[in-house]
Amino acid sequence: MSEYAIEMRNITKTFPGVVANDKVTLQVKQQEIHALLGENGAGKSTLMSILFGSYTADSGTIHLDGKEVDIKNPNVATSLGIGMVHQHFKLVQNYTVTENIVLGMEPTKGRLLDLGSASKRVKEISEQYALHVDPDSLIEDITVGQQQRVEILKTLYRNANIIIFDEPTAVLTPQEVDELMDILKKLRSEGKTILLITHKLKEIKEVADRCTVLRRGTYIGTVNVADVSEQDLAEMMVGRSVKFEIDKPEQQVGKTMLKLEHLSVTDASGVSRVKDLSLEVHEGEIVGIAGVDGNGQSELLGAITGLIPLASGTILLDGEHLENLSIRERIERGLGYIPEDRKKYGVVGEFSIAENTALKNYYLDTYRRRFGILDFAAMQKEAENLIEQFDIRSAEGSSTLAGSLSGGNQQKVIVAREISLSPKVLVVAQPTRGLDVGAIEYIRRRLIAERSKGRAILLVSFELDEIMNLCDRIATISKGSIVAVNKQHEVTEREIGMMMAGSKAEGAV
């Protein structure tokens, strides 16, 4: 048996205007967890898509167990024992777990579909790898973390010995992340070889044996994870020193800009998601909402921005009621919004950067010629200014389609649009989810800069280190209610964690 389970030698892949992989070599040892690290757009997902057969390399070779193979499509990859757990799950929501797992290779007994034996096999695999998934549950009825386990089960059901994980923790809660790390270790102990694409250095340090770093499509190096620090990995990734702690100067807060009073929100089923919630955000401060996903954060943000109707309560922006205003009217009153799902609510993938940056003010005289015709030249000029100001990396400037950008650059487009409108209140949800350390550092610095300008910022994040690093005050939410509001320097992460579970803290303000 070869020392390496996988060797990708001198892989090159180009797209129009972009060299995604430039003679990249990757060597993965048998039965190791091998991390693939790089900034957004560094070529990690492209390289793994070539290994899985979704793309074909322009040049270079792939070797499995020392033998050269030609992986023309995912079916070939599957037959060779390669599986991939994609960042965006490929599941049919109204199918059961078993139906999703066997889709495309349905077992039969005679001429009839044999889901019974398939369900039994799925349960056996689930128990073997401690995945704890009910084979008969509908996908739409299980959590995001469990849906990811279904994707893992799909690869194991197809007898994968090599499993690629593409940003597997981007949509998970902290508890689910811990559980996934245990699953990866279990898979390794069972003889599987794991490739882990991630931006999160803590995860690499926790589970990876070795790490290969890419930068702008080129190979930088491979290191033993035990021999390097998180700072070393970050510098390899971005090519410069990275600050994990953002300087946050002291400043006096001003008047109340956002006031939420006794808010209650119900979902489409009539279930109460936000319960009698009150909170204030002042000029020149960042107030963070800390909590486990699913405790009313999305419904609260929807109510503030006008995406979800209020059941009761009031929302005041600089003293003016918002609860009966349209979304456009709220924007015009000075409400900015960086949504948690950038693909669904933040950018239109089929639109250019110029069109995306003008989404909220295209109807104003700034971008309008006579007879209501849009002035695309003016839109492109402003977009080029924002591209330079916010360091948005794009192949074709303002004409680049947003959907072709990396996640970090899509996020920069959204941040650029919202900040350029100079909102009085900026509502920010999960601003750095799925981003690399360089993009995280940049986004956080921009938020601190807006705070310094006197902007009132409401931040929702599931990353406790982000809450602790950026916020002046922290409101902990549990089951739709605010448990406590504390000054950042007067509370610890452990205390916040306890409050997230519903415990009341001392010293709340």
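Note: the structure precedes this text.
Because the structure is predicted, anything quoted here is derived from the model rather than measured.

Calculation notes
- Counting restarts for each chain, with residues numbered from 1 along the sequence as it is written.
- Residues qualify for local features only when their pLDDT is at least 70, as the model is predicted, and side-chain atom pairs are given and counted only at 80 or more; totals for whole chains, interfaces and linings, by contrast, use all residues.
- The side-chain figures draw on all heavy atoms in the structure; neither hydrogens nor water molecules are used.
- Counting from the N terminus, the helices are the DSSP runs of H or I reaching at least four residues and the strands are the DSSP runs of E reaching at least two.
- When we talk radius of gyration, it's over C-alpha atoms, and the globule rule is simply 2.2 Å times the number of residues to the 0.38.
- A 1.4 Å probe rolled over the protein chains alone gives each residue an accessible area, and that area as a share of the maximum for its type sets the label: buried under 20%, exposed over 50%, partly exposed in between.
- Per-residue accessibility takes into account occlusion by the displayed protein chains alone, with areas from the Shrake-Rupley method and a 1.4 Å probe.
- In summary, the charge assignment counts Lys and Arg as positive and Asp and Glu as negative, without counting His or the chain termini.
- All charge positions are set by atom: Lys at NZ, Arg at CZ, Asp at CG, Glu at CD.
- Each Phe, Tyr or Trp ring, with Trp reduced to its six-membered ring, pairs with another whose centre is within 6.5 Å; inter-plane angles below 30 degrees give stacked pairs, above 60 give edge-to-face pairs, and intermediate values give tilted ones.
- Ring-over charges, as used throughout, are those where CZ of Arg or NZ of Lys falls within 6 Å of the ring centre and within 35 degrees of the ring normal.
- Residue contacts follow a heavy-atom distance rule, with two residues in contact if any of their heavy atoms lie within 4.5 Å.
- We call two strands paired when DSSP finds no fewer than two bridges between them.
- The convention used is that axes are lines fitted to C-alpha atoms, helices contributing only their stretch in contact, and that angles between N-to-C directions extend from 0 to 180 degrees.
- The scheme is simple: roughly parallel for angles under 35 degrees, roughly antiparallel for over 145, roughly perpendicular for 65 to 115, oblique for anything else.
- Residues are grouped as follows: Ala, Val, Leu, Ile, Met, Phe, Trp, Tyr, Cys and Pro are nonpolar; Asp, Glu, Lys and Arg are charged; all remaining types, including Gly, are polar.

Undergrad: Is there a simple way to think about the overall build of the protein in this case?
TA: The secondary structure content of the protein amounts to 17 helices and 22 strands. For 509 residues, the compact-globule estimate of 2.2 N^0.38 gives 23 Å, and the C-alpha radius of gyration of the protein, at 24 Å, lies within 12% of that figure. For the protein, the spread of C-alpha atoms along the principal axes amounts to about 70 × 50 × 50 Å. For the protein, buried positions account for 52% of its 509 residues. For the protein, the exposed area adds up to about 22,600 Å²; of that, 47% sits on carbon and sulfur atoms. Taken together, the 60 basic and 72 acidic charged side chains of the protein have centroids lying 2 Å from each other.

Undergrad: What should I look at first to understand the packing of aromatic side chains in this one?
TA: What characterises a pair of aromatic rings is the spacing of the ring centres plus the angle enclosed by the ring planes. Applying the stated rule across the entire model yields two aromatic pairs. For the ring pair Tyr362 and Tyr363, a centre distance of 5.6 Å and an interplane angle of 85° mean the geometry is edge-to-face. We classify Tyr363 as buried; its relative accessible area is 17%. Above the ring of Tyr363, the side-chain terminus of Arg328 is found at 3.7 Å from the ring centroid. The ring of Tyr442 has Lys412 lying over it, and the distance from NZ or CZ to the ring centre is 4.9 Å.

Undergrad: Please explain the environment of Ile71 as it appears in this structure.
TA: Counting through the fold element by element, Ile71 comes out in the loop between strand S5 (67-69) and helix H2 (74-79). Here Ile71 falls in the buried class, since its relative accessible area comes to 6%. Spatially, the C-alpha atoms of Ile71 and Leu26 are 16 Å apart, while their sequence positions differ by 45 residues. The residues touching Ile71, leaving out its near neighbours within four places in the chain, are Ile50, Leu51, Phe52, Gly53, Ile62, Val76, Ala77, Leu80 and Ile82.

Undergrad: What's the story with the sheet that holds S5 in this structure? I'm lost.
TA: Strand pairing in a sheet is mediated by backbone hydrogen bonds. Such pairs are either parallel or antiparallel. The strand order across the open sheet formed by four strands is S2-S1-S4-S5, and the pairing between neighbours is antiparallel. Unpaired on one side and paired on the other, strand S2 (18-29) and S5 mark the two borders of the sheet. Going from strand to strand, the sheet's axes swing by 25° on average, the running direction of each strand aside. Bridge count for strand S1 (residues 4-15) against strand S4 (residues 59-64) is five bridges, and the pairing is antiparallel.

Undergrad: Can you walk me through the packing of helix H4 (residues 115-128) against helix H5 (residues 144-157) in this structure?
TA: Packed helices, taken two at a time, are described by the angle their axes make and the gap between the axes. Across the interface, H4 lies against H5 with an axial gap of 10 Å and an inter-helix angle of 105°. On the basis of the axis angle, H4 is roughly perpendicular to H5. Across from Ala118, Arg121, Val122, Ile125 and Ser126 in H4, the residues of H5 making contact are Leu153, Leu156 and Tyr157. Here the contact of H4 with H5 is composed, by residue class, of six nonpolar, one polar and one charged.

Undergrad: Please clarify how the pairing of strand S12 (residues 218-224) should be interpreted in this entry.
TA: A regular strand places its side chains on the two faces of the sheet in alternate fashion. Strand direction decides the pairing type here: strand S11 (residues 210-215) and S12, joined by six bridges, are antiparallel. Counterpart to Arg215 in the pairing with S12 is Thr218. Counting the residues that bridge the hairpin from S11 to S12 gives two residues, and of these Arg216 lies at a positive phi of roughly 50°.

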